[in-house]
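Fold and contact review
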Amino acid sequence: MLSYFRPAIDAMTGYIPGEQPKPGTKIIKLNTNENPYPPSPKAMEVLHNLDGEWLRRYPDPFATEFCQAVSNVLGVPADWVIVGNGSDELLNVLIRCCAEGSDRTVVYPVPTYVLYRTLAAIQPARVVEIPYSANFQLPIKELVAANGAITFIASPNSPSGHVVPLDELRKLAQQVSGIVVIDEAYVDFAEYTALPLVQEFENVIVLRTLSKGYSLAGLRMGFGVVNPKLGSGLFKVKDSYNIDAICRRQQRSYRPSSRYSSNARSSLQKRLCR
Ligand SMILES: Cc1ncc(COP(=O)(O)O)c(C=O)c1O
């Protein structure tokens, strides 16, 4: 019998999300890199003050107040911010926008976040995986030669934790013709960000999430910083109401330099480096 699904879906193995043990299970959980500390009191305040009126209407498709908070904190224009249902949604939107078949490929160094491969398989788009060297130097020459419609670099990387130096990312962005996505899911634990490259190169996008540094994985909130030319393409593809009315109120808690988040970060660093 003919399959109900496209051949690409029949052929692929679905993404296997990290196991979530039952509440109350005594376990040290490392598989999905969640934060062991609770969300900030500000984040909890938003949830405690939930207003039914927020829920009656569809939410703001642009999450305007949250974008303004990101703008204030990171010093980027508010209209350069696109908000996603987790940064996973934005990865999905990017692949849907840019990749296709064997000409418009998805390229990334490995080992890295395995979802890139799954999203490309769904599209489907050909994937080119280039191994990192033993000391995790970015394989720039090979990445450029692969000529991806989209090149993903997770920095800090998962699972290695290394941060890719800015000058290496800069060389990559200069030489590729496609989009370079710098996935900064773990940047709140790093010393520096690739954010300046978004202003330097029109083909660079930086993705962030509130799942890791802000202990809000359960809310599903991520964002991208992207110039409006690319951003307008992504807006065509993302679901209009991708950020629910509760999430988008989290602009009140988006304060990366707050004493709360830096205390949690430094005690986490101490515990992990013992
Ligand atoms: C490198 C990387 N990017 C993105 C994500 C997804 O983050 P979010 O929870 O915002 O979808 C993860 C989650 O583990 C990750 O490891």
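Read on for a plain summary of the structure. Not measured: the values here are computed from a predicted model.

The next subject is the site of the ligand. The immediate surroundings of the ligand are formed by 14 residues, with G86, D88, A185, T209 and S211 found nearest. Split by residue class, the shell around the ligand holds four nonpolar, eight polar and two charged.

Pairing analysis gives six bridges linking strand β2 (residues 101-110) to strand β3 (residues 125-131), with the strands arranged parallel. Across the sheet, P109 pairs through a bridge with I130, a residue of β3. Note on the crossover from β2 through helix α6 (residues 115-122) to β3: the handedness is right-handed.

Take unusual backbone geometry next. In this structure, P156 follows S155 across a cis peptide bond, with omega equal to -5°. By secondary structure assignment, the location of P156 is in the loop between β4 (150-154) and α8 (166-175). The backbone phi angle of N33 is positive, close to 55°, even though this residue is not glycine. Tracing the chain through its elements places N33 in the loop between α1 (7-11) and α2 (41-48). Not every positive phi belongs to a glycine, and R220 is a case in point at roughly 65°. Note that R220 resides in the loop between β6 (204-209) and β7 (222-225). Of the residues examined, R220 has 19 C-beta atoms within 10 Å and is grouped as partly exposed.

Turning our eyes to something else, we now look at the environment of A69. Along the polypeptide, A69 turns up in helix α4 (residues 64-74). Classification of A69 by C-beta neighbours within 10 Å gives partly exposed; the count is 19. Spatially, the C-alpha atoms of A69 and Q250 are 9.1 Å apart, while their sequence positions differ by 181 residues. For A69, the residues in contact, after removing those within four places along its chain, are Q251 and Y254.

Before going further, it helps to spend a moment on α6. The complete set of buried residues in α6 reads Y116, L119, A120 and A121. Contacts made by the buried residues of α6 are with α1, α5 (87-98), β2, β3 and β4.

An order of β1-β7-β6-β5-β4-β2-β3 is seen for the seven strands of this open sheet, with the pairing classed as mixed. Each edge of the open sheet carries a strand with a single partner, namely β1 (81-84) and β3. The sheet shows a mean angle of 20° between the axes of neighbouring strands, direction not considered.

Glancing now at the pairing of strand β5 (residues 179-183). In terms of burial, β5 is a largely internal element, five of the five residues being buried. What you see with β5 is no split at all: I179, V181 and D183 on one side and V180 and I182 on the other are buried throughout. In this sheet, β5 lies alongside β4 in parallel orientation, the contact comprising five bridges. If you follow T151 over to β5, its bridge partner there is V180.

The rules behind these values
- Residues numbered from 1 in each chain as written.
- Predicted model: local features only at pLDDT ≥ 70, side-chain atom pairs only at ≥ 80, totals over all residues.
- Near = placed C-beta within 6 Å.
- Nonpolar A, V, L, I, M, F, W, Y, C, P; charged D, E, K, R; others polar.
- Pairing = 2+ DSSP bridges.
- Helix = DSSP H or I, 4+ residues; strand = E, 2+ residues; numbered from the N terminus.
- Right-handed = clockwise from strand over helix to strand, strands pointing away.
- Buried ≥ 20, exposed ≤ 12 C-beta atoms within 10 Å, placed from the backbone.
- Contact = placed C-beta atoms within 7 Å.
- Axes fitted to C-alpha atoms, helices over the stretch in contact; angles between N-to-C directions.

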